[in-house]
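Single-letter residue listing:
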Amino acid sequence: MLSCDAITLSVPGRVLCRDMTFSIEPGQLWAILGANGSGKTTLIHALGGLGPYDRGTVLLNGATLASGDSRRRAREIGVLLQQEDAVFWGSVLDYVLLGRFPHAQSWLGWSSEDEQAARAALAEVGLAEFAPRRYTTLSGGERQRARIAQILAQAPRLFLLDEPLQHLDLRHQGAVLTLFRRLARDQGRAVMMVLHDTLWPGRFCTHALLIHDDGTVRAGAASEVLNRGSLEQLYGCRLQEFVQGAGRYFLPDV
Amino acid sequence: MSRSLPLILALLAAAAASLFAALLFGTFPIAPLQVLDSVFFPVPGVVHDVIWQLRAPRALAAFACGGLLALSGTLLQVLLRNPLADPYILGVSGGASLGALAALTLGAGAAMMNAAALAGALAAIVVVFGLSFRRGDRNVYRILLTGVVLSTGLSALISLMLVIAPQAQVQGMLFWLMGDLSYAGDPSWACLVLVGLTALGIAHSTRLDLLGLGELKAQSLGVGAAQLQLGIFLSAALATVAAVVLGGAIGFVGLLIPHAVRLLGVANHRQLLPLAVLLGGTFLTVADTLARTVLAPQQLPVGVLTALLGVPGMLMLLGRRR
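Residues numbered from 1 in each chain as written. Chains lettered and ligands numbered in written order. Predicted model: local features only at pLDDT ≥ 70, side-chain atom pairs only at ≥ 80, totals over all residues.

## A few points about the overall build of chain B
Assigned secondary structure in chain B consists of 14 helices and zero strands. Counting from the amino terminus, helix and strand elements in chain B follow one another as α-α-α-α-α-α-α-α-α-α-α-α-α-α. Per-residue burial over chain B gives 51% buried out of 322 residues. (Helix = DSSP H or I, 4+ residues; strand = E, 2+ residues; numbered from the N terminus. Buried ≥ 20, exposed ≤ 12 C-beta atoms within 10 Å, placed from the backbone.)

## Thoughts on the overall build of chain A
Each helix and strand counted, chain A has nine helices and twelve strands in total. What you see for chain A is a C-alpha radius of gyration of 18 Å, in line with the 18 Å of a compact globule of 254 residues. Looking at the 254 residues of chain A, the share that counts as buried comes to 44%. Taking as baseline every contact in chain A between residues at least 6 positions apart, the subset at least 24 positions apart corresponds to 64%. (Rg over C-alpha atoms; globule rule 2.2 N^0.38 Å. Contact = placed C-beta atoms within 7 Å.)

## Section: unusual backbone geometry
Residue and element names in this part refer to chain A. Positioned with a positive phi, glutamate 163 is a non-glycine residue whose angle comes to about 50°. Positive phi outside glycine occurs at histidine 167, with the angle close to 70°. Summarising the element assignment, histidine 167 is placed in the loop between strand 7 (158-161) and helix 6 (170-187). Given 15 C-beta atoms within 10 Å, histidine 167 falls into the partly exposed group.

## Brief notes about the interface of chain A and chain B
Contacts between chain A and chain B engage 23 residues on the former and 21 residues on the latter. Of the residues forming the side of chain A that touches chain B, the biggest block, four residues, is contributed by helix 2 (residues 70-76) of chain A. Tallied by class, residues from the side of chain A that touches chain B come to twelve nonpolar, six polar and five charged. (Nonpolar A, V, L, I, M, F, W, Y, C, P; charged D, E, K, R; others polar.)

## Quick look at the sheet that holds strand 7 of chain A
Residues and elements named next belong to chain A. One open sheet accounts for six strands, arranged 6-7-8-3-9-10; its pairing is mixed. Single-partner strands in this sheet number two, and they are strand 6 (77-80) and strand 10 (217-221). Looking at each pair of strands side by side, their axes are set apart by 15° on average, direction ignored. Lying over the sheet, helix 5 (residues 140-154) contacts strand 6 and strand 7, oriented at roughly 175° with respect to strand 6. (Pairing = 2+ DSSP bridges. Axes fitted to C-alpha atoms, helices over the stretch in contact; angles between N-to-C directions.)

## Some thoughts on the sheet that holds strand 4 (residues 55-60) of chain A
All names here are of chain A. Overall, antiparallel pairing links the four strands, which are arranged 2-1-4-5 in an open sheet. Whereas interior strands pair on both sides, the edge strands pair on one side only; in this sheet they are strand 2 (14-24) and strand 5 (63-64). The strands that helix 1 (residues 40-47) touches are strand 1 (2-11), strand 2 and strand 4; relative to strand 1, the one it contacts most, it runs at about 130°.

## Observations concerning the pairing of strand 2 of chain A
All names here are of chain A. Direction of pairing for strand 1 relative to strand 2: antiparallel, over a ladder of seven bridges. Within strand 2, the residue paired with serine 3 across the bridge is serine 23. Linking strand 1 back to strand 2 in an antiparallel pair, the connection comprises two residues, with glycine 13 at a positive phi of about 90°.

## A few points about the packing of helix 8 (residues 188-203) of chain B against helix 11 (residues 225-247) of chain B
Residues and elements named next belong to chain B. Where helix 8 contacts helix 11, the two axes come as close as 10 Å, and the packing angle between them is 155°. Taken together, the axes of helix 8 and helix 11 are roughly antiparallel relative to one another. The handedness of the crossing between helix 8 and helix 11 is left-handed. In this structure, helix 8 contributes Ala190, Val193, Leu197 and Leu200 to the contact, and helix 11 contributes Ser235, Leu238, Ala239, Ala242 and Leu246. (Parallel < 35°, antiparallel > 145°, perpendicular 65-115°, else oblique. Left-handed = near helix turned anticlockwise from the far one by under 90°.)

## Here's the deal with helix 6 of chain A
All names here are of chain A. Taking 1.5 Å per residue, 18 residues should reach 26 Å; helix 6 reaches 25 Å between its end C-alpha atoms and fits that length. All of the buried residues in helix 6 are Val176, Leu177, Phe180 and Ala184. One side of helix 6 carries all its buried residues, which in axial view fall inside an arc of 95°. Turned more than 90 degrees from where helix 6 packs its buried face, Arg171, Thr178, Arg182, Arg185, Asp186 and Gln187 sit exposed. Contacts made by the buried residues of helix 6 are with strand 3 (29-34), helix 5, strand 7, strand 8 (190-194) and helix 7 (201-204). Glycine 188 sits one or two positions beyond helix 6 and adopts a positive phi of about 65°. (Expected span 1.5 Å × (residues − 1). Arc of directions from axis to C-beta.)

## Some remarks on the pairing of strand 12 (residues 247-252) of chain A
All names here are of chain A. Pairing geometry for strand 11 (residues 239-244) and strand 12, over six bridges, is antiparallel. Note that in strand 12 the partner of valine 243 across the bridge is arginine 248. Between strand 11 and strand 12, which pair antiparallel and follow one another directly, the connecting turn spans two residues, one of which, glycine 245, has a positive phi of 60°.

Listed below in structure tokens is the structure:
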């Protein structure tokens, strides 16, 4: 679906990661892990066609991201940004409806399909009754769920999620991950998400991409890439490993 | 759409009422029924002439000017993502004022003055555009600061002109600077600009909503942010230039009318744009009718009236508990 061949990312004055090669296929859930400032967000932007990369190629279904119109790209790739530049002053439903822009047929208003999709998306994140509320009255975690509802309404084939679990309580973290796993398994969508918590990737992700501070990258199946040694190297701190059932969990050894 | 339907109907009624009042009131007494007669069953005569050659052009000029300013303010508040943006933030009014004042100093007539104002406004836009849209660099803060810096420089030049101008011309200059619709001329072109830009804005309203959340957000949902920003800049500039040529630098309308509509509970641009245009047009028509009549035969600069009427109204809206 999306393939990256030897791409290099940099910000002014610094190379973040070199020669990254991997491809994301339908049904896969990828975790992007790395220390603060290692380039996770820059990678999400580059893959979503929102930011530049230095070298290499990114192909979406065999075509470069720059080609084709941007609304069509937005029907293929959805990006959940880490933050938005401004607050939204309308209702929660209006906010989620904006996710339908790539599908909108008319400039006169939203169709009933759009509204159905938006309401269904709100129900998925448990915000169905919040539809008429003003977006500004939501708490941080509720806003994050509304943002997730918006990208669900957008219904892309590939979800690029920058810290989808931020501000969420434990129950909603689990619910959101379960939701995206279902979309991957049942509908053949692909998901790539930046995670900070070592609690979740081992249980939900099929693949992982580790971005090290020195710019080297390790990408592969979660079972191969996620272990105590690799994570200790990644975060530069000692970890304790807990094995419980089929899952392996890591906590910093402080 | 249905939620704000009462508001839309109320503002349409208010717009019609304000235009009717503008035709009704003035030095020459005309009865309400005569106004209706003259609008729907025109018969040549003094009443007809007063209404169609004096009051109607002035009323339409006021309405178009108010609508254009409100439209421009709404657009610039999205483009610059700054609630304090107003139509004059890009230096358009400064450039226009300087041009108009220079023409006044040289003893030019109304047509020449409008042409000079147009030239000044366009020059200011070219400077801001050239400095802030270079090399695909579209930092909105750069546009904002460029406009503010340019405006400051221009207002210094305007003060200088006021000081050195002959005493007899200062009165006319002050009227121009405060905003005055006496020399508006034929407003039909401005009405066309207003209708065209409003329709264009409504057609792009979802894009405007998305841009309001940030460039990246808009791009992530398939909006070509670069073209959109350029389009907003040019549309807002055109609207402002048209308004300034009609009525000089009329304050308050462009900054606060969009906020007044937002305070009435409208956030999305599909409704915000047309409602702001209606409210801005209505507001300026009322203000201009009062400017013509309260101290008649003395005419007041309409810019003074917009602030005197608008400030209490705005404070009331702000103080209202939700």
